[in-house]
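# Architecture and fold: a report
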Amino acid sequence: MALHPEVAAYRAARAAAGTPPLYAQTLIEARAADLAAIRAGNGAVEPVAEVREETIPGPGGELPLRVYRPAGSGRLPTLLYFFGGGWTLGSIDTADDICRRLANAVPCQVITVGYRLAPEHPFPAAVHDCHAATRWVAGQADRLGVDPDRLAVGGDSAGGNLAAAVTLLCRAGGPALAAQLRVYPNTDQGGDPAGPADDVDPTLFNRRSVAWYRTHYLSDPAHARDPLASPLRADDLSGLPPALVVTAELDPLCAQGQRYAERLREAGVPTRLAHYPGMIHGFFAMPGAFTDGRRAQGSAAAFLRERFGLPPGPDDPAVAGTGTAVRDG
């Protein structure tokens, strides 16, 4: 596996700076460092017509939401976006750049959810927060300007895992979902990450990172068998919304994401897999550092346009881009 030149430069800069891996820091340090790294890789902040804060009732208390609304009025297709961070790091600020870009690029309303973090609130707190927020948004469609027939969920990393869990809960009790966006998701808490056990590069997200997050999130290792923690272990994936799954070749979670896409296809779910050779976990959230991050965000926007029944953009049909392998099913 060859590093993309931009990944090689990113890795060299982190090594030269002596940046410690997140799992070697305290939680307070890691949470601050994670947000700082994402902001550094975002590029310029993209303006959106309207950004506002909401607070809603959640299973464990009030939950913050941030609503991004592009230009226009009336009911809009809406994406509920769940931020990444291993269920341990992150906040609605972590996904700010992604939400802004998708709101403008689709265009659609994007709402991100400040779900509770582990280890203070271990599994399944985050799952139930995200599901509660999805149900609340659907129930407030008139006030929020949501088109209830064009409601989607998505997220990156742990957020992709939460989006998958929410689709399982919504299949059983609603609301109906038009699409799911899954970016390098963790889909099997009991599975071993890809790559040799001794292949741990401290400058990048690695096998030790996966274990560190899992330890914080699952207070009982037996929870790894629960489909809401490990969607790949669900017996039945039929009836779920059409999906785009984004994977990165050098991500230890790559094989899990690809296998989940295969399982969705086998269950009859229209599924598209966009694989990025030479890329690492986190690239989607750092389009200022990685050209493929911009391409992947563009592909996500094109997928959502298609599922929302919106006119194609200038770069569609998409899930495309130099160096991107795409499989539809």
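Structure: above.
Residues numbered from 1 in each chain as written. Predicted model: local features only at pLDDT ≥ 70, side-chain atom pairs only at ≥ 80, totals over all residues. Heavy atoms only, no water.

## A word on the overall build of the chain
So the rule is basically this: Secondary structure follows DSSP: runs of H or I at least 4 residues long count as helices, runs of E at least 2 residues long count as strands, and numbering of each begins at the N terminus. The quantity called the radius of gyration is restricted to C-alpha atoms. Its globule counterpart is 2.2 Å times the number of residues to the power 0.38. Relative accessibility thresholds used throughout: buried, under 20% of the residue-type maximum; exposed, over 50%; partly exposed, between the two (1.4 Å probe, protein chains only). By definition, residues are in contact when any of their heavy atoms lie within 4.5 Å. Per-residue accessibility takes into account occlusion by the displayed protein chains alone, with areas from the Shrake-Rupley method and a 1.4 Å probe.
Within the chain one finds nine helices and nine strands. The C-alpha atoms of the chain give a radius of gyration of 18 Å, which matches the 20 Å a tight globule of 329 residues would have. A principal-axis box enclosing the C-alpha atoms of the chain has dimensions of 50 × 45 × 40 Å. Looking at the 329 residues of the chain, the share that counts as buried comes to 57%. Look at the contacts in the chain between residues 6 or more apart in sequence, and 77% of them connect residues 24 or more apart. Accessible surface, the chain: about 12,600 Å² in total, of which carbon and sulfur atoms supply 54%.

## Section: empty space enclosed by the protein
A probe as big as a water molecule, rolled over the atoms, marks out the empty space that is left. We count it as follows: Only protein atoms enter the calculation, which uses a 1 Å grid: trapped sets of points that fit a 1.4 Å probe without letting it out are cavities, open sets showing protein on both sides within 12 Å along at least five of seven lines are pockets, and any residue with an atom within 4 Å of a point is a lining residue. Grid points are joined across faces, edges and corners, and a volume is the space filled by probe spheres set on the points. The residue classification treats Ala, Val, Leu, Ile, Met, Phe, Trp, Tyr, Cys and Pro as nonpolar and Asp, Glu, Lys and Arg as charged. All others, Gly included, are polar.
This structure, assessed with the given rule, holds one cavity of 30 Å³ or more. If you trace the largest cavity, you find it lined by Gly-86, Trp-87, Ser-157, Ala-158, Asn-186, Phe-205, Val-210, Tyr-213 and Leu-253. Among the residues making up the lining of the largest cavity, the classes are represented as six nonpolar, three polar and no charged.

## Regarding the layout of surface pockets
The volume enclosed by the largest pocket comes to roughly 540 Å³. As for the largest pocket, its lining consists of 31 residues, and the residues nearest its centre are Leu-22, Asp-34, Phe-205, Tyr-213 and His-281. Looking at the lining of the largest pocket, the elements with two or more residues in it are helix H1 (5–17), helix H2 (27–42) and helix H7 (207–217). Of the residues in the lining of the largest pocket, the class split is 17 nonpolar, eleven polar and three charged.

## Details of the environment of Pro-70
Within the element layout of this structure, Pro-70 appears in the loop between strand E2 (61–69) and strand E3 (76–82). Each C-alpha atom of the pair Pro-70 and Leu-102 lies 9.5 Å from the other, and the pair is 32 residues apart in sequence. If we skip the residues at most four places from it in the chain, Pro-70 touches Val-48, Ala-49, Leu-76, Ala-103, Asn-104, Pro-107, Cys-108 and Gln-109.

## Examining unusual backbone geometry
Note the cis peptide between Val-106 and Pro-107, where omega equals -10°. Along the chain, the position of Pro-107 falls in the loop between helix H3 (96–105) and strand E4 (109–113). Looking along the chain, the bond that leaves Ala-118 and enters Pro-119 is cis, with omega of 5°. Among the secondary structure elements, Pro-119 is positioned in the loop between E4 and helix H4 (125–139).

## Quick word on the nonpolar core
Inside soluble globular proteins, nonpolar side chains tend to come together where they are buried. Note the following rule: Here the nonpolar core consists of buried residues drawn from Ala, Val, Leu, Ile, Met, Phe, Trp, Tyr and Cys, with membership extended through side-chain atoms lying within 4.5 Å.
With 93 residues, the main nonpolar core has Tyr-81, Phe-82, Val-110, Val-137, Leu-162, Tyr-217 and Phe-283 as its most contacted residues. In this view, Tyr-217 contacts Trp-87, Ala-118, Pro-122, Phe-123, Ala-126, Val-127, Leu-162 and Gln-189; residues no more than four positions away in its chain are not counted.

## So, the pattern of salt bridges
Definition in use: Whenever a carboxyl oxygen of Asp or Glu lies within 4 Å of a side-chain nitrogen of Lys or Arg, that contact is scored as a salt bridge.
Summed over all chains, the structure comprises 19 salt bridges. A salt bridge links Arg-259 to Glu-262; the nearest nitrogen and oxygen atoms lie 3.3 Å apart. Taken together, the residues span about one helical turn, with Arg-259 and Glu-262 both in helix H8 (residues 254–266) at a distance of three residues. Each member of the salt-bridge network shares a partner with another, and the members are Glu-53, Arg-66, Asp-93, Asp-96 and Arg-100.

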